[in-house]
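Here's the letter readout for the chains.
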Amino acid sequence: MTTAERFVGRDHELQRLKVLLDQAAGGRAATVVLGGEAGVGKSRLVAQFMARAEKDHQAHVLRGACIELGGGLIPYAPLVESLRLLVRDRGEKQIRAEVTDSAWDDLAHLVSDFTGTAAAAVPGAVPSGSGQLRVFGAVLRMLEHLGRSAPVVLVFEDMHWADQSTLDLVSFLARRLSSERALLVCSHRAELLPGHALRVLLAEPEFHRHVHPVALRTFSEDELADFIGELLPDTSAPPDRDLARRCHELSGGNAYFAEQLVLSGTLTGPQASRVPESINELMLTRIATLSEPARRVMQVAAAAARRLDDRLLEAVCGLPDDILDNALRDCRDQGMLVLDPIDQEAYTVQHALLSEAVYQQMGIGERRRLHTRMAEAMTADGRLGLAHDGGAAVELAHHWFRADRRAEALATAVRAGEATMRGRAFHEAESQFGRVLDVLWGQVTDAEQSAGHSREGLLSASAEASRWAGHLSRAVTRVQEAIDAVVLQGDSRRLGELYERLGSYHWETGATVESQAAYTEAVRLLEEAAPRGAAHARALVGLAMAEIRAGSYHAALGRAGRAVELAESIGDVGAEGRALNAAGLALALLGRAEEGEPRLRRAVTLADQADHVEDLLRAYGNLAVALELAGDLAGSVEEALTGLQRAQAFGLTDDRLALVLANNAGVSLMALGRWDEVAELLGRVMASRPRVEQSAYLRLTLAEFSVARGLDADAERLMGEVGDQRIADPRFVAALYACEADLHCWRQVPARALDAVHRGLAAVADTENVLVRLRLYSIGLRAAADRAALTSDGGAMGVDLIKAARRQAAAGAEIDEIPILLQLCQAEYCRALGKDSGPRWADVAKAWAQMGRPYQAAYAYWREAAARLAAGDRVAATEAATAAAETAARLGAKPLLSAVEDLALGPVREPDPPSATPVPVAVAVPQDPGLTKRQLEILRMLVSGGDTNRKIARKLGIQEATVATHVHRIFLNLGVQSRAAAVSKAFALGLFPDLTGSAPTGD
Ligand SMILES: Nc1ncnc2c1ncn2[C@@H]1O[C@H](COP(=O)(O)OP(=O)(O)OP(=O)(O)O)[C@@H](O)[C@H]1O
Ligand SMILES: [Mg+2]
């Protein structure tokens, strides 16, 4: 016997896994991370659990292991292996019947060499957008589909050797799995060096929060006794206690060590006196028992990746058939080589520890020769490798590299880079290209010849790999190096193409200014070169988008139009869609949403056709913006949410574009007064704690929302977070200052609000965005009016603002919101002048209500109520205040609600009693009425002489309007409606003891 047949112990661990599987079966997916030292028994535990899951739960069990392959790793190794098993067990037809949507298409290319069917699913050399996330999303959906018939157990073994794509996949699955009936189990060796990629992942709090760690300990002495009892020839007799103790002492309870100690006879045989100190030493003792040819076989197997085709073995060993057969039999009898579970024509080394020991024992030259022969054999016959697609290229590159044959290593690494790129394993592609450019290039005499590509071409391919691997700054560096190389050649067309790429990488990092500069250069260069091509169209679109960000909509529109024509003429559907997207957005921002909308809809269709996820989501986002600007808020919400759903289907929940879509939906929902939905949506999205750079727009919306709900501290925090972002888009900048001003208004510090407005206006001065500027004017005028009530200069400050607002609105676009904003500005301005007008506010309120914007309407109703109250029309005031209070209460707009309640109306939500008796004023007047010196002076004049406003103005040498404002403020503060009442109140408060009452004149 080579290993224990009966499973020993581990009740606790199995129980824990069973509970999690039960929960998964009930729709609560989970991820388990199983760690333990090498050889402790992880694989055996997992195998036992899988067998039980299959038997007791009829679960689908899928298992794959990571492969140790030096620096060059096989992307998605465990996923690929598990998918192969799935195909082998069920046949592709059956899988397609279960996994009904496109998920399988997105995965099939990973196993295309195995199924032989899916080659068509591999797109061209350039990976389509967000390819890696597409694979992730597909795995998630596959689990969901398979889970419908039975719970799924997906096992990834040996994660300490995981390639970066697999680590990313696991990180993704751990976070994303929710109601799928699936359990993901990842095993790994506990001894991870600092800086090891898996160790880094395990230390991430966000990852840690989402996984269930299980630490597998070594066997206790009792368990070990049980265990070795299984291994000894006579299983009926209980094992010798001393033997068990000795074995435990030596092995530390490590299953593999103990097993090998027993099987080698070290404990019981004639050599019992000399015991090995480590597993490694023990392994070498075991290998020493093999015949020379058998040892050769083991060396070949160790130098190969874990699985080894028997034809490769034949080719590399170079032994005559009969000797090889004997050697193989020897290895298998000793339990050192076993048949591969998937491919019965391949072998694997029984245990990784064994393979490592064999490999380490070989001399450097011996290893080199072996790798050379491997590579030669695999080059001669491509079917000898582990896989026959991207993985095969990686494997070959690995052997040439280890063989120190640099020219071949370089050539094969280039091919491996290209193949992994096609397989959307961008991290691996990046590391292959990195090896080519940073290590091998300088070591090979005619590198270009070996690579079959220019250095510049490889630099740009490498940049693209880095971009998709999410390493944007590396992408920028690489493409800049490529630019430096091409500048010398003076090829303006190629240079233009590279600048176009540079523009796009900068764009992705949010460096708008750099992006615009690069695109400008690209357009200039490509205009010189004929014939025009796709890069030219892309550069035009890039530039147009940068111009939109900078608020130059006319220029953007012209440029996007040219891009549409160019893309059409060269039949580039992708570029055409992107160009339409830019043109549609520019039109919408210029107030021509009805022309923009069809273009954006077409952009959605084209992105779908071109299968370009990013373009698709961008088109949805812009369509939502266009509909919002057209006043179709409900439509805007719908399109944004559709886009968001599609993003989620691709597994792109955390992507920047998904956050943009969530924001688009949030903005329109907020305007519609569907604040519960806003809170739910934004709360859900923010729960995954997106990075600030990715979510600046969303955070700003949340800040606005917080201001409106009176959550000042939240609002301040959010504004602080996004304030550091280098975003020049006037839509963002203006909204940020408007939000700040709004907060100051509610806090009744109008001076600071005005300051924010002026800063905002300066920041967007050079842009064509009329809408955002008018929003700023309206808040500025609100602040000016608030200030007028406190001092006498508010009206003056409003003059500039109202003039500018009128000018802008007249010259501005045909956006429905603009005339209402102007009306709002006028109403605020009148208020600033002390000529507050109920009817004006009523018009504003009605206009907002008609547009379906209840919060803005409620604000205007509040102002209407105050104006009517000041004019003495209590009934109309109450009606308006009721409307305002109802909406504010329903929305949860606390600052507005308390402002309405502060009106001296009494409880505003109760209708006026039908009787003619006046409603008692329900506001307690403070002893100190809180009047300014000037106001007290005016009040004094009212009390002493009952002067009219004009008379007071003349006496004080100020504007009549200013007096009116003061009088209004006096009334408000005293809680009165008329001059007569003000005089009585002044007496009641004993404000002017030196004056005796005289009959006040009427108003
Ligand atoms: N609970 C058990 N019952 C019976 N045999 C076991 C048990 N645990 C481990 N073994 C045996 O001990 C040996 C080592 O176990 P295993 O291969 O599972 O270790 P591992 O932790 O996966 O090692 P590695 O880190 O190298 O992958 C195997 O031969 C296995 O069959
Ligand atoms: Mg194992």
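Refer to the structure above for everything that follows.
Residues numbered from 1 in each chain as written. Chains lettered and ligands numbered in written order. Predicted model: local features only at pLDDT ≥ 70, side-chain atom pairs only at ≥ 80, totals over all residues. Heavy atoms only, no water.

### Considering a negative patch on the surface
Here's step 1: There is a patch of like negative charges on the surface, built from Glu314, Asp321, Asp322 and Asp325.
Here's step 2: The leading source of residues in the negative patch is helix α16 (residues 321–333), at 3 residues.
Here's step 3: Looking at the secondary structure, you find Glu314 in helix α15 (residues 310–317). (Patch = residues over 30% accessible without salt bridge, like charges linked within 9 Å, V, L, I, M, F, W, Y side chains within 5 Å. Areas by Shrake-Rupley, 256 points an atom, 1.4 Å probe, with all protein chains shown as cover. Salt bridge = Lys/Arg side-chain N within 4 Å of Asp/Glu carboxyl O. Lys, Arg positive; Asp, Glu negative; His and termini not counted. Charge placed at Lys NZ, Arg CZ, Asp CG, Glu CD. Helix = DSSP H or I, 4+ residues; strand = E, 2+ residues; numbered from the N terminus.)

### Some remarks on helix α39 (residues 770–790)
Here's step 1: For α39, built from 21 residues, the straight-helix expectation of 30 Å at 1.5 Å per residue is met to within 8% by its first-to-last C-alpha distance of 30 Å.
Here's step 2: The N-capping residue of α39, defined by a side-chain oxygen 3.2 Å from the backbone nitrogen of Leu771, is Asn769. (Expected span 1.5 Å × (residues − 1). Polar contact = N/O pair within 3.5 Å; in protein donor to acceptor, adjacent residues only side chain to side chain.)

### A short note on empty space enclosed by the protein
Here's step 1: With the rule as written, the count across this model stands at 4 cavities of 30 Å³ or more.
Here's step 2: The computed volume of the largest cavity comes to approximately 70 Å³.
Here's step 3: Around the largest cavity, the lining residues are Leu869, Ala870, Ala904, His968, Phe971, Leu972, Gly975, Val976 and Gln977.
Here's step 4: Only α43 (854–870) and α48 (960–974) provide two or more residues apiece to the lining of the largest cavity.
Here's step 5: It is α48 that contributes the most residues to the lining of the largest cavity, 3 residues altogether.
Here's step 6: Residues belonging to the lining of the largest cavity are distributed by class as follows: 6 nonpolar, 3 polar and no charged.
Here's step 7: Within this model, the second largest cavity holds a volume of roughly 50 Å³.
Here's step 8: Listed by contribution, the elements that provide at least two residues to the lining of the second largest cavity are β4 (182–189) and α8 (197–203). (1 Å grid on protein atoms, 1.4 Å probe; cavity = no way out; pocket = protein on both sides within 12 Å on 5 of 7 lines; lining within 4 Å. Points joined across faces, edges and corners; volume = space filled by probe spheres on them. Nonpolar A, V, L, I, M, F, W, Y, C, P; charged D, E, K, R; others polar.)

### A closer look at the site of ligand 1
Here's step 1: The immediate surroundings of ligand 1 are formed by 22 residues, with Val8, Lys42, Ser43, Glu259 and His351 found nearest.
Here's step 2: Lys42 is positioned with one of its side-chain polar atoms (N or O) 2.6 Å from an oxygen atom of ligand 1.
Here's step 3: Separating an oxygen atom of ligand 1 from a side-chain N or O atom of Ser43 is a distance of 2.8 Å.
Here's step 4: When residues of the shell around ligand 1 are traced back to their parent elements, those giving at least two are α2 (42–57) and α12 (255–263).
Here's step 5: Looking at the shell around ligand 1 residue by residue, the classes come out as 9 nonpolar, 5 polar and 8 charged. (Near = heavy atom within 4 Å.)

### Quick look at the environment of Ala762
Here's step 1: Locating Ala762 in the fold gives a position in helix α38 (residues 750–763).
Here's step 2: With a relative accessible area of 56%, Ala762 lands in the exposed category.
Here's step 3: Separated by 28 residues in the primary sequence, Ala762 and Ala734 place their C-alpha atoms 9.5 Å from one another. (Buried < 20%, exposed > 50% of the residue type's maximum accessible area, 1.4 Å probe, protein only.)

### A word on the pattern of salt bridges
Here's step 1: For the structure on display, the rule yields 57 salt bridges.
Here's step 2: Linking Arg524 and Glu521 is a salt bridge whose minimum nitrogen-to-oxygen distance equals 2.8 Å. Remark: Glu521 and Arg524 occur in helix α26 (residues 512–528); sequence separation between them is 3 residues, near one turn of the helix.
Here's step 3: Measuring nitrogen to oxygen at the nearest pair gives 3.1 Å for the salt bridge that ties Arg601 to Glu597. With Arg601 and Glu597 both in helix α30 (residues 593–609) and 4 residues apart, this pair spans about one turn of that helix.
Here's step 4: The exposure class assigned to Arg601 is partly exposed, which follows from its relative accessible area of 34%.
Here's step 5: Accessibility expressed as a relative area gives 24% for Glu597, which makes it partly exposed.
Here's step 6: Members of the salt-bridge network, linked through shared partners, are Asp438, Arg455, Arg478 and Glu481.

### Remarks on the sheet that holds strand β2 (residues 60–65)
Here's step 1: Strand order in the open sheet formed by 5 strands is β2-β3-β4-β1-β5, with parallel pairing between adjacent strands. At either end of the open sheet lies a strand with only one pairing partner, and these are β2 and β5 (212–215). Averaged over all pairs of adjacent strands, the angle between their axes in this sheet comes to 15 degrees, without regard to strand direction.
Here's step 2: Sheet strands in contact with helix α1 (residues 11–25) are β1 (30–36), β3 (152–157), β4 and β5, and its direction is about 160 degrees off that of β5. (Pairing = 2+ DSSP bridges. Axes fitted to C-alpha atoms, helices over the stretch in contact; angles between N-to-C directions. Contact = heavy atoms within 4.5 Å.)

Purely spatial values, then, with no claim about function.
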